[in-house]
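# Structural features, examined
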Amino acid sequence: MRTRKLIAGNWKMNGGLIANVALLKAIHAGLHNPSCDIAVCVPSAFLAQCQTLLASSPIELGAQDLSQHEAGAYTGEISAQMLKEFGVRYVIVGHSERRQYHAESDASVASKVQRALANGITPIVCVGESLAERESGQTDEVVKRQLAAVIHLNGHCISEIVLAYEPIWAIGTGKTASPEQAQAVHAVLRGQLKAASDHAERVRILYGGSMNAANAATLLAQPDIDGGLIGGASLKPQDFLAIIDSAA
Ligand code: PEP
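Residues numbered from 1 in each chain as written. Predicted model: local features only at pLDDT ≥ 70, side-chain atom pairs only at ≥ 80, totals over all residues. Heavy atoms only, no water.

Moving on: the pattern of salt bridges. Under the criterion given, the structure shown has 16 salt bridges. The residue Lys112 makes a salt bridge to Asp65 at a minimum N-O spacing of 2.8 Å. Here Lys112, found in helix α5 (residues 106–118), pairs with Asp65, found in the loop between β3 (59–63) and α3 (80–85); they are 47 residues apart in sequence, far enough to count as distant. What makes Lys112 buried here is its relative accessible area of 5%. As a salt-bridge pair, Asp106 and Arg99 come within 2.9 Å of each other at their nearest N and O atoms. Judged by relative accessible area, Asp106 falls into the buried class, the value being 17%. Shared partners join several salt bridges into a network, and the residues in it are Asp65, Arg98, Glu104 and Lys112. (Salt bridge = Lys/Arg side-chain N within 4 Å of Asp/Glu carboxyl O. Helix = DSSP H or I, 4+ residues; strand = E, 2+ residues; numbered from the N terminus. Buried < 20%, exposed > 50% of the residue type's maximum accessible area, 1.4 Å probe, protein only.)

Of all five residues making up strand β1 (residues 6–10), five are buried, and the element is well covered by its neighbours. Covered by surrounding structure in β1 are Leu6, Ala8 and Asn10 together with Ile7 and Gly9, the residues of both alternating faces. Where β1 lies against strand β2 (residues 37–41), five bridges are found, and the strand directions are parallel. Residue pairing across strands places Ile7 opposite Ile38, the latter belonging to β2. In this fold, β1 hands off to helix α1 (residues 17–30), which returns the chain to β2; that crossover is right-handed. Pairing of β1 with strand β8 (residues 227–230), which is carried by four bridges, proceeds in the parallel orientation. Residue pairing across strands places Leu6 opposite Gly227, the latter belonging to β8. (Pairing = 2+ DSSP bridges. Right-handed = clockwise from strand over helix to strand, strands pointing away.)

Axis separation between α1 and helix α10 (residues 237–246) bottoms out at 9 Å; the angle between their running directions is 40°. When the axis of α1 is compared with that of α10, the two are oblique. As α1 runs across α10, the sense of the crossing is right-handed. Contact with α1, carried on its side by Leu23, Ala26, Ile27 and Gly30, involves Pro237, Phe240 and Leu241 of α10 and no other residues of that element. Residue composition of the contact of α1 with α10, grouped by class: six nonpolar, one polar and no charged. (Axes fitted to C-alpha atoms, helices over the stretch in contact; angles between N-to-C directions. Parallel < 35°, antiparallel > 145°, perpendicular 65-115°, else oblique. Left-handed = near helix turned anticlockwise from the far one by under 90°. Contact = heavy atoms within 4.5 Å. Nonpolar A, V, L, I, M, F, W, Y, C, P; charged D, E, K, R; others polar.)

With that out of the way, let us pick up unusual backbone geometry. For Lys12, which is not glycine, the phi torsion reads 50° and is therefore positive. By the element assignment, Lys12 lies in the loop between β1 and α1. Phi is positive for Ser210, close to 55°, though the residue is something other than glycine. The residue Ser210 is located in the loop between β7 (204–208) and α9 (216–220) in this model. By relative accessible area, which is 19% here, Ser210 ends up buried.

Set out below in structure tokens:
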């Protein structure tokens, strides 16, 4: 069974050496025995700095992407092994911004998941539909296709992943899926995981898309919403802390 919720911040391409110190200091100052798991997924340039800043912290370190290849002539890429050396516990895989701007396919996302798992890093696998897909009634079909590719390559250890349902129309737009809309998709994903694994109940399915201090509690109260992947609000310490409190 899922024991603790996970609240993971996605800093995207934000931050700086000075700003990161201030942000993490402010979050630490407001953390009192959190009863959920917490992670921040930082730009790779800041992994070394954040590894140091998070030493002996309950906040775990995450990355935002990894290479599907093990090593070699892949200029600009970062391998799972490298992430491991910086103490990375989670890596976001298949975020819609990577699928959209870097042409990541379902197959390459599945390979990245395989690479992360083989190196003991938990992938936070993102799936989600566009507004046009939702409006034409294709939501379930799209997210099931995206998850099916991951299950196809990683079926034997699918219960080791974290899944994130992130409707593209809700990311960074201020439009949030209603708790009922989100729960309905999470239930579909849970059903697909159950068909693939006897241990599907243990997979945490996060919701992401304009989650904030005001809407977190009702979203996190849904039976199949096991945490949040937080973009914009993870850069505002008071908002991030309020979401963490909502997950208690
Ligand atoms: C995200 O980028 O994963 C995300 C959910 O962003 P935001 O919270 O800003 O919508």
